[in-house]
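What follows is the residue order along each chain.
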Amino acid sequence: MYAAIPFRLLRISAITAMLFCLVVPALAQEAEKGRYTLVPMSGGFVRLDRLTGVVSHCENKGSGWACYVLPEEHAALDKEIGRLQAENEKLKAQLAAREPADKIQKELPQQQGSGEPGPAAPKADGPKSADVNRNSIEIPLPSDRDMGRLMSFVERAWRRLIEMASRVQRDTSGI
């Protein structure tokens, strides 16, 4: 009777180790699947790293393949966005100056509760909120499709484990 307890512990440990050995590499392969996207280009390939977003140009040098990171143009885009925001504010101010004052007063909500309309001026907090949004970091959550794929993978792995355990149990009980 006491000899069966270590055998059961050994069997449970073996099943757990087998599960660990099967599931961990499979999850790693699933995570790494499709990390890079390669697109043919004259003289080599353009490689996109989907994990980091880095774009590289890969070409065959005489001694082997080499990939070089392509420069990003975030600074130029940020400069252009700033210029367009300033131009937009300038145009809003010019438009407000051209329209009759009574029309602007009807469109703008009253600034104070006294009943006197406030001066017609464009908002000055537009670019500040855009700067805050530009500096924030957004981490995308996995989609429902990704979660469904993960859950189906775990479910298949669990079913295989249960089938293996039942086969091992049948094989050992038949001895």
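Residues numbered from 1 in each chain as written. Predicted model: local features only at pLDDT ≥ 70, side-chain atom pairs only at ≥ 80, totals over all residues. Heavy atoms only, no water.

1. Brief notes about the overall build of the protein chain
Applied cut-off: Secondary structure elements follow DSSP: runs of H or I no shorter than four residues count as helices, runs of E no shorter than two count as strands, and numbering proceeds from the N terminus. Residue burial is assigned from relative accessible area. The probe radius is 1.4 Å, only protein chains are included, and a residue is buried under 20% of its type maximum, exposed over 50%, and partly exposed in between. Throughout, a contact is declared for two residues whenever any of their heavy atoms are within 4.5 Å. With residues, only the protein chains shown are counted as cover, and all accessible areas are computed by Shrake-Rupley using a 1.4 Å probe.
When helices and strands are tallied, the protein chain shows five helices and four strands. Reading the protein chain from its N end, one meets helices and strands in the order α-β-β-β-β-α-α-α-α. Going through the 175 residues of the protein chain one by one, you find that 7% of them count as buried. Nonlocal contacts in the protein chain, meaning residues at least 24 apart in sequence, comprise 24% of its contacts between residues at least 6 apart. Total accessible area computed for the protein chain in this model is approximately 14,900 Å², and 61% of it derives from carbon and sulfur atoms.

2. Quick word on the sheet that holds strand β2 (residues 44-49)
Filter applied, for reference: The criterion for strand pairing is that DSSP finds at least two bridges linking the strands in question. Convention adopted: a line fitted to C-alpha atoms gives each axis, helices being fitted over their contacting stretch, and angles between N-to-C directions are expressed from 0 to 180 degrees.
Here we have four strands laid out as an open sheet, ordered β1-β2-β3-β4, and antiparallel in their pairing. One side of each edge strand has no neighbouring strand; the edge strands of this open sheet are β1 (36-41) and β4 (64-69). The mean inter-strand angle of the sheet, taken between neighbouring strand axes irrespective of direction, is 30°.

3. What to know about the state of the cysteines
Using the following cut-off: Two cysteine sulfur atoms form a disulfide, by the criterion used here, when they sit within 2.5 Å.
Applying the stated criterion across every chain yields a total of one disulfide. One disulfide bridge connects C58 with C67, the sulfur atoms lying 2.0 Å from each other. Handedness of the C58-C67 disulfide follows from its S-S torsion of about 110°: it is right-handed.

4. Looking at the confidence of the model for the protein chain
For clarity, the threshold we go by: For every residue, the predictor states its confidence as a pLDDT score lying anywhere from 0 to 100.
Overall, the predicted model of the protein chain reaches an average pLDDT of 76, with 67% of residues at or above 70. Looking at the elements of the protein chain, mean pLDDT is at its lowest for helix α4 (residues 126-135), recorded as 55, and at its highest for helix α5 (residues 144-173), recorded as 92.

5. What to know about α5
Our working rule: Helix span, expected: 1.5 Å multiplied by one less than the number of residues in the helix.
When the terminal C-alpha atoms of α5 are compared, their 43 Å separation across 30 residues agrees well with the 44 Å that a helix rising 1.5 Å per residue should span. Along α5, the residues classified as buried are F153, A157, L161 and M164.

6. Re the pairing of strand β3 (residues 55-61)
Pairing between β2 and β3: four bridges, direction antiparallel. Residue pairing across strands places F45 opposite C58, the latter belonging to β3. Between β2 and β3, which follow one another and run antiparallel, lie five residues, and G53 among them has a positive phi close to 85°. By the bridge criterion, six bridges tie β3 to β4 in an arrangement that is antiparallel. When the bridges of β4 are listed, E59 appears paired with A66. The turn joining β3 and β4, which pair antiparallel and follow one another in sequence, is formed by two residues.

7. Section: a nonpolar patch on the surface
To keep things clear, this is the line we draw: Excluding any residue in a salt bridge, patches collect residues exceeding 30% relative accessible area, merging like charges within 9 Å and nonpolar Val, Leu, Ile, Met, Phe, Trp and Tyr side chains within 5 Å. The salt bridge definition used is simple: a Lys or Arg side-chain nitrogen within 4 Å of an Asp or Glu carboxyl oxygen.
On the surface, a nonpolar cluster with roughly 330 Å² of combined accessible area is contributed by L38, F45 and W65. The partly exposed category is assigned to F45, whose relative accessible area is 30%.

8. Quick look at the side chain of S56
Here S56 shows up in strand β3. S56 sits in the buried class, given a relative accessible area of 2%. Discounting chain neighbours no more than four positions away, the residues touching S56 are F45, V46, R47, C67, Y68, V69 and L70.

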